[in-house]
Amino acid sequence: MQRALLQGTPFVTPWNSRSTRNNGGIDASAATAVVIGHVAGGTKTIRVGAGGVMLPNHAPLVIAEQFGTLASLYPGRIDLGLGRAPGTDVPTTRALRRDSKSTGDDFPRDVQELQSYFEPAEPGQRIRAVPGAGLHVPIWLLGSSLFGAQLAAMMGLPFAFASHFAPADMMQALQVYRSGFKPSKHLNRPYAMLGVNVIAAATDAEARRLFTSHQQAFTNLRRGMPGQIPPPIDDIETYWSPAEKAMASQSLACSVVGASGTVELELQEFIELSEPDELMIAALIYDQTARLRSYEITAEVRERLGAEEGKVRVPAGV
């Protein structure tokens, strides 16, 4: 998303795509901290976050120093989302961290280690993040299963659920997180963000056509052929098999596709059902101009919903 547009919208926080490597895939960059610096440097007031860093691939000290640097350059504007999935294949994981013993099972301990580097340095402390020690960098836990919800609740951290591509456990994960939440020095109540795909255009038909790019990309991924975002097509039914359609429809169930009025109605229904504290908006659209226009329409809808509800923030996710 262009930085000037970001600064001019009512969105709260653009979250940049996660630091995974889906070889030949659709992520703009696996160097999340670099992209965050670029966006933050071209804007003045908005928060910018990672959605997120897959911690099993990285040494916690390195991430602490990267985001400590960002927080020093852009005080009060940086958020750090952490995920447990490796997000890539075994050879790439080894190349990233060069530790074949590192697994997602270490994630809770890695999160605690990362948190420790943001604490004020103690006299004689031998390992410290430079910069990082003593800085406030809000940490979110990301998840697409119940594990992340349970861990976020136990650690008293905000939780972001990947309902935009893994919606099956969304409501149960919210229940687990909210019912099991333990207040911490970081957060005194549960605070949940949900991902939702929003493809907005001038008409419902145009939005549905734009959405075929996402549907194709998902199908290609399941076929083991990830690649760049494909251009939209007129008839998605000619592209996939009935089984592929069923799988895509289930995984992309949290998608709002249509003109402004349709988007407003369906987002309102989603908000009433799940009661999120924030939404992360994703728009996998082939044409950049159409993508930016989709975010503009969504921003207008957000303003109308905010005026009606006054309680739900709808940040942008890119």
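None of these values were measured; they are calculated from a predicted model.

A.B. asks: So what exactly am I meant to see when it comes to the packing of aromatic side chains here?
C.D. replies: The way to describe two aromatic rings as a pair is by their centre distance and the angle between their planes. Summed over all chains, the structure comprises 4 aromatic pairs. Ring centres of W140 and Y191 lie 5.8 Å apart, and the angle between their planes is 70°; on these two criteria the pair is classed as edge-to-face. Of the two residues, W140 is situated in strand β4 (residues 139-143) and Y191 in the loop between α7 (170-180) and β6 (192-200); the sequence distance between them amounts to 51 residues. You can call W140 buried: its relative accessible area is 6%. Both rings, one in F159 and one in Y177, keep their centres 5.4 Å apart while their planes meet at 40°; by these two values the pair is tilted. In this pair, F159 is assigned in strand β5 (residues 159-161) and Y177 in helix α7, connecting sequence segments 18 residues apart. Note on F159: relative accessible area 1%, which makes it buried. The class of Y177 is buried, set by a relative accessible area of 0%.

A.B. asks: Explain the environment of A201 to me, please; I cannot follow it from the model alone.
C.D. replies: Of note, A201 is situated in the loop between β6 and α8 (204-222). Residues A201 and T298 lie 97 residues apart in sequence; the distance between their C-alpha atoms is 9.4 Å. With residues up to four places along the chain from it excluded, the contact list for A201 reads E206, A207, L210, G258, A259, S260 and I297.

A.B. asks: What is the right way to look at the pairing of β4 in this model?
C.D. replies: Side-chain positions along a regular strand alternate between the two faces of the sheet. Counting buried positions along β4 yields 5 of 5 residues, so the element is predominantly enclosed. In this sheet, β4 lies alongside strand β3 (residues 78-83) in parallel orientation, the contact comprising 3 bridges. Its bridge partner being in β4, L80 is matched across the sheet by I139. Where β4 and β5 come together, 3 bridges link them in parallel fashion. From the neighbouring strand, L141 faces β5, where its bridge partner is F159. Remark: the β4/helix α6 (residues 146-155)/β5 crossover connection has right-handed handedness.

A.B. asks: Before we go on, may I ask you to explain the pairing of β3 in this structure?
C.D. replies: In terms of burial, β3 is a largely internal element, 6 of the 6 residues being buried. Here β3 shows two buried faces, one formed by I78, L80 and L82 and the other by D79, G81 and G83. In this structure, strand β2 (residues 48-54) lies alongside β3, joined through 5 bridges in parallel fashion. In the strand pairing of β3, V48 is matched with I78.

The rules behind each value
- Residues numbered from 1 in each chain as written.
- Predicted model: local features only at pLDDT ≥ 70, side-chain atom pairs only at ≥ 80, totals over all residues.
- Heavy atoms only, no water.
- Phe/Tyr/Trp six-rings, centres within 6.5 Å; stacked < 30°, edge-to-face > 60°.
- Helix = DSSP H or I, 4+ residues; strand = E, 2+ residues; numbered from the N terminus.
- Buried < 20%, exposed > 50% of the residue type's maximum accessible area, 1.4 Å probe, protein only.
- Contact = heavy atoms within 4.5 Å.
- Pairing = 2+ DSSP bridges.
- Right-handed = clockwise from strand over helix to strand, strands pointing away.

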